[in-house]
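Breakdown of the fold
Take a look at the letters that make up each chain.
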Amino acid sequence: MMISSQNIAFTPISFSRLPSHRLIPSKPPSLPFHPISAVHSSKSAMRIGSPLTARAAASTAGLSDNISDALGEVNIFSAAGAPVMFKDLWDQNEGMAVVALLRHFGCVCCWELASALKESKPKFDAAGVKLIAVGVGTPNKARILAERLPFPLDCLYADPDRKAYDVLGLYYGIGRTFFNPASAKVFSRFEDLQKSLKNYTLKATPDDKSSVLQQGGMFVFKGKQLLYARKDEGTGDHAPLDDIFNICCKVPVA
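For every chain, the first residue of its written sequence is number 1, and the numbers climb from 1 along that sequence. In view of the model being predicted, local features appear only for residues whose pLDDT reaches at least 70, and side-chain atom pairs are presented and counted only at 80 or more, with totals across whole chains, interfaces and linings using the full set of residues. Note that water and hydrogens are dropped before the side-chain values are worked out from all heavy atoms of the structure.

1. Some points on the overall build of the protein
A run of DSSP states H or I qualifies as a helix once it reaches four residues; a run of E qualifies as a strand once it reaches two. Both are numbered from the N-terminal end. Helices and strands together make up the secondary structure of the protein, namely 8 helices and 7 strands. Looking at the protein residue by residue over its 254 residues, the buried ones come to 55%. Residue burial considers only the protein chains on display, and all accessible areas are found by Shrake-Rupley using a 1.4 Å probe. Surface summary for the protein: the accessible area is close to 11300 Å², and the carbon and sulfur share equals 55%. Throughout this description, buried means an accessible area under 20% of the type-specific maximum (1.4 Å probe, protein chains only), exposed means over 50%, and partly exposed covers the range between.

2. Description of helix α4 (residues 139–148)
Residues Pro139, Lys141, Ala142, Leu145 and Ala146 constitute the buried set of α4. Summarising the axial view, the buried residues of α4 lie within an arc of 160°, below the 170-degree limit, and thus occupy one face. The inward-facing, buried residues of α4 abut β1 (75–78), α3 (108–126) and β5 (156–158). The arc refers to the directions leading from the helix axis to the C-beta atoms. Contacts are assigned to residue pairs that have any heavy atoms within 4.5 Å of one another.

3. Details of the confidence of the model for the protein
Considering every residue of the protein, the mean pLDDT works out to 78; 69% of them sit at 70 or more. What pLDDT reports is the predictor's confidence in each residue, on a scale of 0 through 100. Counting interchain partners and residues more than four positions distant, the pLDDT-below-50 stretch residues 1–58 has 136 contacts.

4. A short note on the pattern of salt bridges
Any carboxyl oxygen of Asp or Glu within 4 Å of a side-chain nitrogen of Lys or Arg constitutes a salt bridge here. Taken as a whole, this structure holds 9 salt bridges when the rule is applied. The residue Arg162 makes a salt bridge to Asp208 at a minimum N-O spacing of 3.7 Å. Of the two residues, Arg162 is situated in the loop between β5 and α5 (163–167) and Asp208 in the loop between α7 (190–196) and β6 (217–222); the sequence distance between them amounts to 46 residues. Taking the shortest distance from any N to any O, the salt bridge between Asp237 and Arg230 comes out at 3.1 Å. Grouping residues by exposure puts Asp237 and Arg230 together as buried. Within the structure, one salt-bridge network assembled from shared partners comprises Arg230, Asp232 and Asp237.

5. Quick notes on the environment of Leu101
With respect to the helices, strands and loops of the structure, Leu101 is situated in strand β3 (residues 96–104). For Leu101, a relative accessible area of 1% corresponds to the buried category. C-alpha of Leu101 to C-alpha of Val136: the two residues are 35 residues apart in sequence and 8.4 Å apart in space. When sequence neighbours within four positions are dropped, the list of residues in contact with Leu101 reads Val134, Ala164, Tyr165, Leu168, Leu170, Gly216, Gly217 and Phe219.

Spelled out as structure tokens, the structure:
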């Protein structure tokens, strides 16, 4: 699938049920991706390409010590539609987990990230690390991505109300989504993006169009201990997977 400026169109949408703390213009564009995305912020735990990226000690700055407990009480859904709590997704004593929060299931950059995670799953499995991918949208939207990409259903979860994203303080808003310079990094992965979009469909986009303004992030846990945390600065600003592998390999897995 070729992507060019001619493929990008802006469609007015309305936001009738936005949380009060998320104030945005009433008619933002409804695209799952745009090549430009908000004023760059240094508050992100780490930035892609930064020499500090692989340093776990720096990566957890800004998150409370009990973040695992707060996240553990969040209720989401399996791709099959079954409710599940975060604390039940991996062993809370010694289990190692990589938790990737995608923007939403209709985001083209998230299809690219999901494709990379799928290809990396054998490495995680060999290291005893559980891969958990969460996206914004309902379970039926998750299944569209899982079936068409494809992606393993047992690793995919849906968070339609963005509860986990709020707990982790991930970025949200039209500025982050459509005007952040960090989003330009996606062009360095253009071939990978094209490859992952072979079976892409906009039908995976959440019905609640306010969800397209959500950014994702990447987290690594050992039991309840948070080893690594990175908030995406903009659309497509994903954590380097090599750094995730380094974190997972450096910590002994029970």
